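One letter stands for each residue in the lines below.
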Amino acid sequence: MPSPITPFADEADSLQIDDLTVENRTDRVSLYGSVALTKDRAGLEHARALKAILDAVIAALEDEENLPEAVATKPPDQVPNPFG
């Protein structure tokens, strides 16, 4: 199963696996929430989707030639207050 996102490609992709949210950014892929890997077809599909995403993240990181030790956390964009 191919990954439904291309890791580190943009700041817009987001997807849900059960109650787990996967957000794509150019400097990180964030996972938060929870996913139940139940012993049924739904659990199998959730596990496959999660594995596809993690395999794609690992491949993207391994392909990076100058992978830094750590990235700095980007501060959120500041938007000027139009009322102040």
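Please read these numbers as outputs of a predicted model, since none were measured by experiment.

1. Thoughts on the sheet that holds strand β3 (residues 29-34)
Think of a sheet as strands paired side by side through backbone hydrogen bonds, with each pair either parallel or antiparallel. The antiparallel open sheet is built from three strands, whose spatial order is β1-β2-β3. In this open sheet, the two strands that pair with only one neighbour each are β1 (14-17) and β3. The mean angle between the axes of side-by-side strands here comes to 15°, regardless of whether they run parallel or antiparallel. Judged from the six bridges that link them, strand β2 (residues 19-24) and β3 form a sheet pairing that is antiparallel.

2. Side note on the nonpolar core
Grouped burial of nonpolar side chains is what soluble globular proteins tend to show. Core analysis: the biggest nonpolar cluster contains 10 residues, these being Ile5, Leu15, Ile17, Leu20, Val22, Val29, Ala49, Leu50, Ile53 and Val57. Taken together, the elements giving at least two residues each to this core come down to β1, β2 and α1 (41-63). Top element by residues in this core is α1. It accounts for four residues. Val29 has contacts with Ile5, Pro7, Phe8, Val22, Glu23, Asn24 and Val57, leaving out every residue within four places of it along the chain.

3. Some words on the layout of surface pockets
By volume, the largest pocket amounts to about 180 Å³. Taken together, Phe8, Thr26, Asp27, Ala60, Leu61, Glu64, Leu67, Pro68, Glu69, Ala70 and Val71 make up the full set of residues lining the largest pocket. For the lining of the largest pocket, a count of residues per class yields seven nonpolar, one polar and three charged.

4. Observations concerning the pattern of salt bridges
One pass over the full model with this rule turns up four salt bridges. With its nearest N and O atoms 2.8 Å apart, the salt bridge here joins Arg25 to Glu11. One end of the pair, Arg25, is in the loop between β2 and β3; the other, Glu11, is in the segment before β1, with 14 residues separating them in the sequence. With a relative accessible area of 28%, Arg25 lands in the partly exposed category. The partly exposed category is assigned to Glu11, whose relative accessible area is 43%. One salt bridge in this structure joins Lys51 and Asp55, with 2.6 Å as the shortest N-O distance. Here Lys51 pairs with Asp55, and both are found in helix α1, just four residues apart, close to one helical turn. When its relative accessible area of 51% is taken as the criterion, Lys51 is described as exposed.

5. A short note on unusual backbone geometry
We note that Phe8 has phi near 70°; this positive angle belongs to a residue other than glycine. Tracing the backbone through its elements, the reader meets Phe8 in the segment before β1. Owing to a relative accessible area of 22%, Phe8 belongs among the partly exposed residues under this scheme. Located in the positive-phi region is Asp18, a residue other than glycine, with phi close to 55°. Following the sequence through the fold, Asp18 ends up in the loop between β1 and β2. Judged by its relative accessible area of 35%, Asp18 is partly exposed.

Parameters and conventions
- Residues numbered from 1 in each chain as written.
- Predicted model: local features only at pLDDT ≥ 70, side-chain atom pairs only at ≥ 80, totals over all residues.
- Heavy atoms only, no water.
- Pairing = 2+ DSSP bridges.
- Helix = DSSP H or I, 4+ residues; strand = E, 2+ residues; numbered from the N terminus.
- Axes fitted to C-alpha atoms, helices over the stretch in contact; angles between N-to-C directions.
- Core = buried A, V, L, I, M, F, W, Y, C linked by side-chain atoms within 4.5 Å.
- Buried < 20%, exposed > 50% of the residue type's maximum accessible area, 1.4 Å probe, protein only.
- Contact = heavy atoms within 4.5 Å.
- 1 Å grid on protein atoms, 1.4 Å probe; cavity = no way out; pocket = protein on both sides within 12 Å on 5 of 7 lines; lining within 4 Å.
- Points joined across faces, edges and corners; volume = space filled by probe spheres on them.
- Nonpolar A, V, L, I, M, F, W, Y, C, P; charged D, E, K, R; others polar.
- Salt bridge = Lys/Arg side-chain N within 4 Å of Asp/Glu carboxyl O.

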